[in-house]
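One letter stands for each residue in the lines below.
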Amino acid sequence: MSEKEKKSRSLIPLYILIILFYIVASLQGDEDNVLSKSVSKESDFEVNLTQGVNYTLWLESPDGPEKMNVTISNGSYVAFENTFVMTPSGKDYLPYHPKFTVKENGIYHVHVKPLDSGIVNLEIKKTR
């Protein structure tokens, strides 16, 4: 067996470990993500939220709208409502990744309304 073949074979376990790492990392990331959508106009989504779990709301896009309203509700119960404003640096929204909880399990209505043009990524994640 040539030296080149030996080196190729010795790298196989490394390739397998790298692939396994990415598989595990991708599966773990999906567990915490409850909603992940790109929004450019007024939109509505449904999410299943659980009582006693802390959630974090993420808005990310340096070229997104300067302001947007986000409401998360279940019937007349409003679990979260706020108007997000882009910071002067144009990279983050205030409030910055706010946390919220819900008072009962169920399907919640997420209403997003950008107040000017642009695309923003909206995510709701479980907080550890």
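What this report covers is the structure whose coordinates are included nearby. (Residues numbered from 1 in each chain as written. Predicted model: local features only at pLDDT ≥ 70, side-chain atom pairs only at ≥ 80, totals over all residues. Heavy atoms only, no water.)

Points about the packing of aromatic side chains
Piece 1. Applying the stated criterion across every chain, the model contains 4 aromatic pairs.
Piece 2. The structure contains a cluster of three or more aromatic residues connected by ring pairs, namely Y55, F80, F84 and F100.
Piece 3. A cation over a ring is seen here: K125 above W58, with NZ or CZ 4.5 Å from the ring centre. (Phe/Tyr/Trp six-rings, centres within 6.5 Å; stacked < 30°, edge-to-face > 60°. Lys NZ or Arg CZ within 6 Å of the ring centre and 35° of its normal.)

Comments concerning the sheet that holds strand β8 (residues 106–114)
Piece 1. Taken together, 5 strands build an open sheet; the order of strands is β2-β8-β4-β5-β6 and the sheet is antiparallel. The strands lining the two open edges of the sheet, one partner per strand, are β2 (43–49) and β6 (93–94).
Piece 2. Where strand β5 (residues 77–86) meets β6, 2 bridges bridge the pair, whose relative direction is antiparallel. Residue pairing for β6: V85 is matched across the bridge by L94. (Pairing = 2+ DSSP bridges. Helix = DSSP H or I, 4+ residues; strand = E, 2+ residues; numbered from the N terminus.)

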